[in-house]
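Here are the chains, one letter per residue:
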Amino acid sequence: MSVITTFTDKQREKQIKYEKTVLKDISIKSLKESVKGHFGSIRFTSGLLMNTGVEEACYDVAIEAYLLGAHFSRFGYYGEGVEQVLERCRSEEKHFVDTLYNFLLYWGSGEEAAANESLAGTCEHYVRHWWMEGFQKGQRRHKLRLH
């Protein structure tokens, strides 16, 4: 008697395998440098980064944005421009930005952070940076036929 698997199970296995191979290109060192580079200069977040939970949340968002960019890179490989591909995943990217921004607001002193509009811009730039990293690495993998 054979084991019956569904299409969604097979699709999920393939997705997990792809994500594992794509994540081999990221190093923890680059994640740490990125967090310090993006959020280290803001007075509000520089104190928060001493908390390892906040730093790990930034890593999580970066990894998710990276995987999103890698996933959508196939559209870029087949001829769509970066702006068109970004438009395809605008809602997911906005969700990551809002999640990170709200997380930093929660762990910071709310009054100071609410007035700090540059924090939202920094969160958006951080997510876009990691999305572009994943997009470029994913396109490279498609060109080399490693997908």
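Residues numbered from 1 in each chain as written. Predicted model: local features only at pLDDT ≥ 70, side-chain atom pairs only at ≥ 80, totals over all residues. Heavy atoms only, no water.

1. A few points about the side chain of Glu93
Keep this limit in mind: Numbering of helices and strands runs from the N terminus; a helix is a DSSP stretch of H or I covering at least four residues, while a strand is a stretch of E covering at least two. Pairing of N or O atoms within 3.5 Å defines a polar contact, subject to two protein rules: one partner must be a possible hydrogen donor and the other a possible acceptor, and residues neighboring in sequence count only if both atoms are side-chain atoms. Contact criterion: two residues are considered in contact whenever any of their non-hydrogen atoms come within 4.5 Å of each other.
Along the chain, the position of Glu93 falls in helix α6 (residues 90–107). A polar contact of 2.6 Å, which involves the side chain of Glu93, links it to the side chain of Arg128. In this view, Glu93 contacts Leu68, Leu86, Val127 and Arg128; residues no more than four positions away in its chain are not counted.

2. Topic: the state of the cysteines
Defined as follows: By disulfide we mean two sulfur atoms from cysteines, separated by a distance within 2.5 Å.
The final tally for this structure, using the stated rule, is 0 disulfides. Of all cysteine sulfurs in the structure, the one in Cys58 sits closest to Cys123, which takes part in no disulfide; the separation is 7.5 Å.

3. Points about the pattern of salt bridges
Under the convention used in this document: For this document, the term salt bridge refers to a Lys or Arg side-chain nitrogen within 4 Å of an Asp or Glu carboxyl oxygen. Think of it in three bands: residues with accessible area under 20% of the maximum for their type are buried, residues over 50% are exposed, and the middle band is partly exposed, with areas taken using a 1.4 Å probe on protein chains only.
Taken as a whole and judged by the stated rule, the model has 5 salt bridges. Its salt-bridge partner being Glu80, residue Arg88 comes within 2.7 Å of it at the nearest N-O pair. The exposure class of Glu80 is partly exposed, given its relative accessible area of 23%. One continuous salt-bridge network, built from bridges that share partners, spans Glu87, Arg90, Glu93 and Arg128.

4. Topic: the nonpolar core
Applied cut-off: Only buried Ala, Val, Leu, Ile, Met, Phe, Trp, Tyr and Cys residues count toward a nonpolar core, and they belong to the same one when joined by side-chain atoms within 4.5 Å.
Counting 34 residues, the largest nonpolar core has Phe39, Leu100, Cys123, Tyr126 and Trp130 as the members making the most contacts within it. Looking at this core, the elements with two or more residues in it are α1 (7–23), α2 (28–39), α4 (52–77), α5 (82–88), α6 and α8 (118–143). Among the elements that make up this core, the one with the highest residue count is α4 (12 residues). Non-local contacts of Leu100, meaning those with residues more than four positions away in its chain, are made with Phe39, Cys58, Val61, Cys123 and Tyr126.

5. Some details on the packing of aromatic side chains
Stated precisely, the cut-off is as follows: Whether two aromatic rings pair depends on their centres lying within 6.5 Å, for rings of Phe, Tyr and Trp, where Trp uses its six-membered ring; planes under 30 degrees apart make the pair stacked, over 60 edge-to-face, and the rest tilted.
All told, the structure shown has 7 aromatic pairs when counted by the stated rule. Taking the centre distance of 6.2 Å and the plane angle of 65° together, the rings of Tyr66 and Trp130 count as edge-to-face. Of this pair, Tyr66 sits in helix α4 while Trp130 sits in helix α8, and the two are 64 residues apart along the sequence. Take Tyr66 and Trp130: they sit in the same class, and that class is buried. Aromatic pair Tyr106 and Trp107: ring centres 5.5 Å apart, planes at 90°, arrangement edge-to-face. Accessibility expressed as a relative area gives 43% for Trp107, which makes it partly exposed. Pairwise contacts between aromatic rings join Phe103, Tyr106 and Trp107 into one cluster.

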